Amino acid sequence: MIVGIVAEYNPFHNGHKLQIDYAKNVLGADAVIVAMSGSFTQRGEIACFDKYTRAEAALKCGADIILEIPTIFASSSAREFASAGVALLASTGVVDTILFGAECNNKDIFKESAKKLLELENSKKFNETVKSNVAAGDTYATARAKFLEKYIPKEITSSPNNILGLEYCRYIFANNLNLNIEIIKRHFNDYNSPDLTGSVSSATAIRSHLFNTGSIDAVPEKAEAVYQESVAAKPDDISEMLHYKLLTTEDFKDFLDCNKDLSERIKNNLDKYISFTQFCDLLKTKNVTYSKISRVLCHILLDITYNDFANAKNKGYISYMRMLGFSKAGANLLSAIKENGSCPLITAPTELIDKYDIISSNIYRAALTNKTSILYPSEYTRKFKLTNIEN
């Protein structure tokens, strides 16, 4: 059994270690392959550690191969993030099981809900009802959840982790993928809980503690050792670059997730810009969430438009597998992936790499250099060196 996990590891923590241990010790997985976000996350923020550091931490704690989810999808909505993650794992040709964590671990409920979701979203009633609820002041996510909870158990639609799980299943069924589904039940803090409690805490709480104290806790010892040798990045470390981009752009409506109204709101409030997080707070409204604003600003910074997104999605999400690292055990799978994979497996930037993966890495590197006055290697000069990790 080869288990695939979709993750951000922002950062890798004790809960993630439990998931990998579950895959190997309970499910009996021979290896764990992870589809992981790169420099920016689904929330639209810069990752707290660079992608190579996060990959190394995961590899030392039990993962066997880390593949990068293309930036254009890693920084998108839950649906696109989930779809790209599963598509990437399926493209290896060796992953046969998708494992995710959720508050509900009833596989049958997820499977039936995913099938119902596919049926509903193709209906005229769904589109009309959601559109009406948004016009009445709901966010799209809230409007969609209100409609779906009439047909899908509320326990599935009320939790971010359950929603992600539902999207994994939806993509599998929509594309008739031959992938099994396994779920590990979450028994610890909520997805966005700000409290750092016990040995297992949310990534949100861990990041908050890291940014406020400079100390990282509730992570495995091996991961902590990796993080302590690295520099953490905060969301506001991109503030100056974003400000310049906003000041030198005339219109924003063509950027992914933006629209005419939000574009005008951005332009009308530019003179009040102080930082990335402050501007997100300033722009959010009752029906436009902080996360939505954050993603829009991320797409503006990275220059990702609706057309760019549509072109990437039309290619089937994944046109290459960008490897960030592998363990000694993972090395045994590389030949099988090269033989059975549906697209090239690459370890360094080539003409195949999407420009947004390079742009996001360059912005991350610039943010760290601005923060530390230290030069960091670019994607083209960084040596691939995660081949001898033992976990």
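In the block above lies the structure referred to throughout.
Each value, and the rule that gives it
Residues numbered from 1 in each chain as written. Predicted model: local features only at pLDDT ≥ 70, side-chain atom pairs only at ≥ 80, totals over all residues. Heavy atoms only, no water. Buried < 20%, exposed > 50% of the residue type's maximum accessible area, 1.4 Å probe, protein only. Helix = DSSP H or I, 4+ residues; strand = E, 2+ residues; numbered from the N terminus. Pairing = 2+ DSSP bridges. Right-handed = clockwise from strand over helix to strand, strands pointing away. Lys, Arg positive; Asp, Glu negative; His and termini not counted. Salt bridge = Lys/Arg side-chain N within 4 Å of Asp/Glu carboxyl O. Polar contact = N/O pair within 3.5 Å; in protein donor to acceptor, adjacent residues only side chain to side chain. Contact = heavy atoms within 4.5 Å. Arc of directions from axis to C-beta. Phe/Tyr/Trp six-rings, centres within 6.5 Å; stacked < 30°, edge-to-face > 60°. Axes fitted to C-alpha atoms, helices over the stretch in contact; angles between N-to-C directions. Core = buried A, V, L, I, M, F, W, Y, C linked by side-chain atoms within 4.5 Å. Parallel < 35°, antiparallel > 145°, perpendicular 65-115°, else oblique. Nonpolar A, V, L, I, M, F, W, Y, C, P; charged D, E, K, R; others polar.

(A) Just the pairing of strand β2 (residues 31-36), in detail. Across the 6 residues that make up β2, a large majority, 6, are buried. Of the two faces of β2, the one holding A31, I33 and A35 and the one holding V32, V34 and M36 are both buried throughout. In this sheet, β2 lies alongside strand β1 (residues 2-7) in parallel orientation, the contact comprising 6 bridges. Across the sheet, residue A7 finds its bridge partner in β2, namely M36. After leaving β1, the chain enters helix α1 (residues 14-26) and then returns to the sheet as β2, a path that is right-handed. As for the winding sense of the linkage, the β-α-β connection from β2 through helix α2 (residues 51-60) to strand β3 (residues 65-68) is right-handed.

(B) Local environment of the side chain of E8. For E8, the position within the fold is in the loop between β1 and α1. For the buried residue E8, which engages in no salt bridge, the nearest side chain bearing the opposite charge is R207, 5.9 Å off. Within the structure, the side chain of E8 is placed 2.6 Å from the backbone nitrogen of Q42, a separation counted as a polar contact. Once residues within four sequence positions are removed from consideration, E8 is found in contact with M36, S37, T41, Q42, R43, R54, A74 and F81.

(C) Region of interest: the side chain of S327. Relative to the helices and strands, S327 resides in the loop between β6 (321-326) and α17 (328-331). Engagement of the side chain of S327 in a polar contact is seen with the backbone nitrogen of A329, the distance being 3.3 Å. At 3.0 Å, the side chain of S327 forms a polar contact with the backbone nitrogen of G330.

(D) Focus on unusual backbone geometry. Cis peptide bonds are those with omega within 30 degrees of zero, and the linkage from N10 to P11 qualifies with 5°. The topology assignment puts P11 in the loop between β1 and α1. For N176, which is not glycine, the phi torsion reads 50° and is therefore positive. Within the element layout of this structure, N176 appears in the loop between α9 (160-174) and β5 (180-185).

(E) Spatial organisation of the pattern of salt bridges. Taken as a whole and judged by the stated rule, the model has 22 salt bridges. E379 is the partner of K51 in a salt bridge, and the nearest nitrogen-oxygen pair spans 3.2 Å. Placement of K51 in helix α2 and of E379 in the segment after α19 (355-372) is noted, with a sequence separation of 328 residues between them. The pair formed by K51 and E379 is uniform in burial state, with each residue classed as buried. Between D281 and K284 there is a salt bridge, with the nearest N and O atoms lying 3.4 Å from each other. D281 sits in the partly exposed class, given a relative accessible area of 40%. When salt bridges with common partners are traced through the structure, they connect K51, E68, R322 and E379 into a single cluster.

(F) Representation of helix α14 (residues 276-283) within the structure. Buried residues of α14: F276, F279, C280 and L283, and no others. The buried residues of α14 occupy one face: seen down the axis, they fall within an arc of 105°. On the buried face of α14, the contacting elements are α12 (239-247), α13 (260-268) and α15 (290-302).

(G) Quick look at the packing of aromatic side chains. One pass over the full model with this rule turns up 11 aromatic pairs. Judged by centre distance (4.8 Å) and plane angle (75°), the rings of Y9 and F12 are edge-to-face. Note on accessibility: Y9 and F12 belong to one class, buried. Plain terms: the ring middles of F49 and Y227 are 4.6 Å apart, the flat faces sit at 15° to each other, and that makes the pair stacked. On the criterion of sequence distance, the pair formed by F49 in the loop between β2 and α2 and Y227 in helix α11 (residues 221-228) is long-range, its members being 178 residues apart. Its relative accessible area of 2% is what places Y227 among the buried residues. Clustering of aromatic rings is evident, with ring pairs tying together F73, Y171, F309 and Y317.

(H) Structural context of the sheet that holds β3. The 7 strands are arranged β5-β4-β1-β2-β3-β6-β7 in an open sheet whose pairing can be described as mixed. With partners counted over all chains shown, the strands left at the sheet margins are β5 and β7 (345-346), one partner each. Sheet topology note: the strand β4 (residues 97-102)/β5 ladder contains 6 bridges and is parallel. The residue of β5 that forms the bridge with F100 is I183. Most of the contacts of α9 go to β4, to which it runs at about 160°, and overall it touches β1, β4 and β5.

(I) The arrangement of the nonpolar core in detail. In terms of nonpolar packing, the biggest core is built from 89 residues, with I33, I65, I69, L246, I266 and L297 touching the most fellow members. If we skip the residues at most four places from it in the chain, I65 touches V32, I33, V34, L59, M323, G325, F326, G330, L333, L334 and I337. In this structure, L27, A29, A63 and A232 belong to the second largest nonpolar core, which totals 35 residues.

(J) Spatial organisation of the packing of helix α5 (residues 107-121) against helix α7 (residues 140-148). Axis separation between α5 and α7 bottoms out at 12 Å; the angle between their running directions is 110°. On the basis of their axis angle, the class for α5 and α7 is roughly perpendicular. Side by side, α5 and α7 meet where L117, L120 and E121 of the first sit next to R144, F147 and L148 of the second. Each residue belonging to the contact of α5 with α7 can be placed in one class, and the counts come to 4 nonpolar, no polar and 2 charged.

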